[in-house]
Amino acid sequence: MQRRQFLGHAAGAALLLPFLGSANAMAANMLAVNASARAPAPGKLLPVPLKKGDWVGLVSPSSALNDEFDLQLAREVMEALGFKVKTGAHYAQRRGHLAGTDEERAGDINAMFSDPEVRAVIATRGGSGAARLLPLLDYEAIGRNPKALLGYSDITALHNAIHARTGLVTFHGPNGSGSWNGFNVDQFERVFFKRELMQYRNVQDAGDELVQRRNRTVTVTGGKASGELVGGNLSVLVALAGSPYLPDFTGKILFLEDVSEAPYRIDRMLTTLKLMGALDGVAGVIFGECSDCEPGNGYGSLTLAQILDDHLKPLKIPAYRGAMIGHIRQQFIVPVGGLVEMDADAGTFRMLEPVFAA
């Protein structure tokens, strides 16, 4: 089953809850509450800092790469950044669309966090399948060995589960086999090597246009807000609903992005978050790019802008869209769990404190 089909069924099931008998609905709600209550929110945990010459580990937690040459490129990227590279024992495996069995993929992640030489863990790609690993991860070992985890898209499942269970700050940004253009390399060096308190502002470049068209931000509701940054890929995030692997959004800055989702699906997923109460206490929302999410032909769809207005404006909290986060060539590297302040009028956000251990 395709990821989108699965998520559609999952979100649809969530929306059917109001039509169940009251006893069944109450039982379902109690299950969700109990799942969240099993693991109290841990304190914040910072990863060890990185420098050139350190070892990093390449793992494939989700889909297999279609071309083994991409694995070579991922390794060459890490080496070009100045690292020595270890590869997961099964990172080049394939089982259907997955990069090996669940046990193999989870085992590689656990091994990298437990390896005293490895200072960071990099996902080769996203795709689908990372959520299957969440019950198999050794969160105690991860908490004892706090390291930077980098990746995006399906890696959203790992970011949120690890942060929810350990408090570790991880990093939403390019996968190893993705584009490592000048912008992304600069982001990496500033975040990981220089350890700057980053200010995230979209690239200002009109090109040959009279006014800038690309990388524009749009204010949904103005104002400033601060809080820990949580979120990632909307589809993957919603698939964690009702599990102990979804962090509490209360008082947080929620960032979202997605790719190849029809607007009605985005609407359905945001509705799911709304109905489960996940948006009730959010301090602010940053919506990145939703690539290839335009309505189809005709008048049978709300636009993405209308959907975001419908869901975000009633919250009466700072919110903007268009941040350089998502399935785009140039993308911010942002700390999941890091404390940030957002300015919805300016379309910017910034780190308020270090995201690496001293």
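The rules behind the values
- Residues numbered from 1 in each chain as written.
- Predicted model: local features only at pLDDT ≥ 70, side-chain atom pairs only at ≥ 80, totals over all residues.
- Heavy atoms only, no water.
- Helix = DSSP H or I, 4+ residues; strand = E, 2+ residues; numbered from the N terminus.
- Buried < 20%, exposed > 50% of the residue type's maximum accessible area, 1.4 Å probe, protein only.
- Contact = heavy atoms within 4.5 Å.
- Areas by Shrake-Rupley, 256 points an atom, 1.4 Å probe, with all protein chains shown as cover.
- Salt bridge = Lys/Arg side-chain N within 4 Å of Asp/Glu carboxyl O.
- Axes fitted to C-alpha atoms, helices over the stretch in contact; angles between N-to-C directions.
- Parallel < 35°, antiparallel > 145°, perpendicular 65-115°, else oblique.
- Nonpolar A, V, L, I, M, F, W, Y, C, P; charged D, E, K, R; others polar.
- Expected span 1.5 Å × (residues − 1).
- Pairing = 2+ DSSP bridges.
- UniProt positions renumbered as here; feature names shortened; annotations may be inferred.
- Core = buried A, V, L, I, M, F, W, Y, C linked by side-chain atoms within 4.5 Å.
- Domains from an automatic or database assignment.

Asks: Could you clarify how one ought to interpret the overall build of the chain in this entry?
Replies: The helix and strand tally for the chain stands at ten helices and 14 strands. For the chain, with 358 residues in total, the buried portion stands at 51%. Taking the intrachain contacts of the chain between residues at least 6 apart in sequence as the baseline, contacts between residues at least 24 apart amount to 80%. Summed over all atoms, the accessible surface of the chain reaches about 15,800 Å², with 51% contributed by carbon and sulfur.

Asks: Please clarify how the pattern of salt bridges should be interpreted in this entry.
Replies: Pairs can form between side chains of opposite charge once their charged atoms are near each other. With the rule as written, the count across this model stands at 15 salt bridges. A salt bridge links Glu228 to Lys44; the nearest nitrogen and oxygen atoms lie 3.7 Å apart. Placement of Glu228 in strand β8 (residues 224-233) and of Lys44 in the loop between α2 (22-37) and β1 (55-59) is noted, with a sequence separation of 184 residues between them. One network of salt bridges, with partners in common, ties together Lys44, Glu228, Lys252 and Glu353.

Asks: Please clarify how the packing of helix α9 (residues 263-275) against helix α10 (residues 304-312) should be interpreted in this entry.
Replies: Two packed helices can be described by the angle between their axes and the distance between those axes. As a packed pair, α9 and α10 sit with axes 9 Å apart at the nearest point and diverge in direction by 10°. Relative to α10, the element α9 is oriented roughly parallel. Every residue of α10 that contacts α9 at Pro263, Tyr264, Ile266, Asp267, Leu270, Thr271 and Lys274 is listed here: Leu304, Ile307, Leu308 and His311. A per-class count over the contact of α9 with α10 returns seven nonpolar, two polar and two charged.

Asks: How do you make sense of helix α4 (residues 102-114) when you look at a structure like this?
Replies: It helps to recall that an α-helix has 3.6 residues per turn; residues three or four apart then point in one direction. If you check α4, its first and last C-alpha atoms are 18 Å apart, about what 13 residues at 1.5 Å a residue would give, namely 18 Å. All buried positions along α4 are accounted for by Asp102, Arg105, Ala106, Asp108, Ile109, Asn110, Met112 and Phe113. Contacts from the buried residues of α4 go to β1, β2 (84-87), β3 (118-123), α5 (139-144) and α6 (156-166).

Asks: Honestly, the sheet that holds strand β7 (residues 218-221) in this entry has me stumped. Any pointers?
Replies: Paired through backbone hydrogen bonds, the strands of a sheet run either parallel or antiparallel to each other. Here we have eight strands laid out as an open sheet, ordered β6-β14-β13-β8-β9-β10-β11-β7, and mixed in their pairing. Both outer strands of the open sheet, β6 (199-201) and β7, are each paired with one neighbouring strand and no more. Taken pair by pair, the neighbouring strands of this sheet meet at an average axis angle of 30°, ignoring direction. On top of the sheet, α10 reaches β7, β10 (284-291) and β11 (319-321); it is set at about 160° to β10, its chief contact.

Asks: When you look at the UniProt feature "active site" (unreviewed entry) in the chain in this model, what are you seeing that I'm missing?
Replies: Within this numbering scheme, the UniProt entry marks Ser153, Glu257 and His327 as carrying the feature "active site" (unreviewed entry). Separation in sequence by 175 residues is not matched in space for these annotated residues, since their most distant C-alpha atoms are only 8.5 Å apart. Tracing the sequence through the fold places Ser153 in the loop between β4 (148-151) and α6. Beyond its immediate stretch of four places on either side in the chain, Ser153 contacts Gly127, His172, Asn233, Val236, Glu257 and His327. Within the secondary structure layout, Glu257 lies in strand β9 (residues 253-259). Excluding residues within four positions of it along the chain, Glu257 makes contact with Ser153, His172, Gly232, Asn233, Leu234, Glu289, Ile325, Gly326 and His327.

Asks: Is there a simple way to think about the nonpolar core in this case?
Replies: It is characteristic of soluble globular proteins that their nonpolar side chains tend to be buried jointly. Core analysis: the largest hydrophobic core is formed by 50 residues, its most contacted members being Leu134, Leu137, Leu158, Phe249 and Leu254. Residues lining this core come from more than one domain, with at least three contributed by each of domain 1 (43-196) and domain 2 (198-357). Ignoring any residue separated from it by four or fewer positions in sequence, one finds Leu158 in contact with Pro61, Ile109, Ala130, Leu134, Leu137 and Leu149. Counting 47 residues, the second-largest nonpolar core is a separate cluster that includes Tyr91, Met324, Val334 and Val340.

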